[in-house]
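# Survey of secondary and tertiary structure
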Amino acid sequence: MSFKTIVAIIIAVLLTVVIMQNRDEVPFTILFTSMYASKLVVMAGVAVFAFILGLIVGRPKKQKYDIEQYHDTMYNKNKPDTLSDEDRDYIS
């Protein structure tokens with residue numbers, strides 16, 4: 001198992017223990033609304049939301065690389081005369 005997998009398992013176990021210890025019902029105020037909800041439901045909802053947000057933010061960006069354009073700019077492929085003066089003297 002990799003280090004990342006072990007850390008993920010430990011975090012999941014600790015999160016489960018904390019959520020299960022907080023099962024009592026308490027009042028929550030969200031903006032202007034006050035409601036009674038179980039801490040279990042609220043904490044699980046926040047954990048799921050944070051996980052989804054982490055997946056979205058941590059996703060690698062898709063980048064397109066134009067190798068031909070890079071090669072053309074490096075070696076000036078469109079230039080018809082690529083010989084130096086020394087090369088021309090050697091050939092003739």
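Owing to the predicted nature of the structure, the values given are computational and were not obtained by experimental measurement. (Residues numbered from 1 in each chain as written. Predicted model: local features only at pLDDT ≥ 70, side-chain atom pairs only at ≥ 80, totals over all residues. Heavy atoms only, no water.)

## Here we look at the overall build of the chain
Scanning the chain for helices and strands turns up 4 helices and 2 strands. From first element to last, N terminus to C terminus, the chain shows the α and β order α-β-β-α-α-α. Among the 92 residues that make up the chain, the fraction classed as buried is 5%. Residue pairs in contact within the chain that sit at least 24 positions apart in sequence constitute 12% of those at least 6 positions apart. (Helix = DSSP H or I, 4+ residues; strand = E, 2+ residues; numbered from the N terminus. Buried < 20%, exposed > 50% of the residue type's maximum accessible area, 1.4 Å probe, protein only. Contact = heavy atoms within 4.5 Å.)

## As for the pattern of salt bridges
Per the counting criterion, the structure on display carries 2 salt bridges. Asp 24 is the partner of Lys 39 in a salt bridge, and the nearest nitrogen-oxygen pair spans 3.9 Å. In this pair, Lys 39 sits in helix H2 (residues 39-58) while Asp 24 sits in the loop between helix H1 (3-21) and strand S1 (25-30), placing the two residues 15 residues apart along the sequence. By relative accessible area, Lys 39 is classed as partly exposed at 24%. The residue Arg 88 makes a salt bridge to Asp 85 at a minimum N-O spacing of 2.8 Å. Here Arg 88 and its partner Asp 85 are both found in helix H4 (residues 85-91), 3 residues apart, which amounts to about one turn of the helix. The exposure class assigned to Asp 85 is exposed, which follows from its relative accessible area of 55%. (Salt bridge = Lys/Arg side-chain N within 4 Å of Asp/Glu carboxyl O.)

## Regarding the confidence of the model for the chain
Averaged over every residue, the pLDDT of the chain is 81; residues scoring 70 or more account for 83%. By mean pLDDT, the top-scoring element of the chain is H1 (87), and the lowest-scoring one is helix H3 (residues 67-75) (69). (pLDDT = per-residue confidence, 0-100.)

## Looking at the environment of Arg 23
Secondary-structure assignment places Arg 23 in the loop between H1 and S1. Residue classification places Arg 23 among the exposed residues on the basis of a relative accessible area of 56%. In this structure, the C-alpha to C-alpha distance between Arg 23 and Ala 37, residues 14 residues apart in sequence, is 9.6 Å. Apart from residues no more than four positions distant in its own chain, Arg 23 is found in contact with Ser 38 and Leu 40.

## Points about the side chain of Ser 38
Structurally, Ser 38 can be placed in strand S2 (residues 33-38). Not counting chain neighbours up to four residues away, the residues in contact with Ser 38 comprise Arg 23, Asp 24, Glu 25 and Phe 28.

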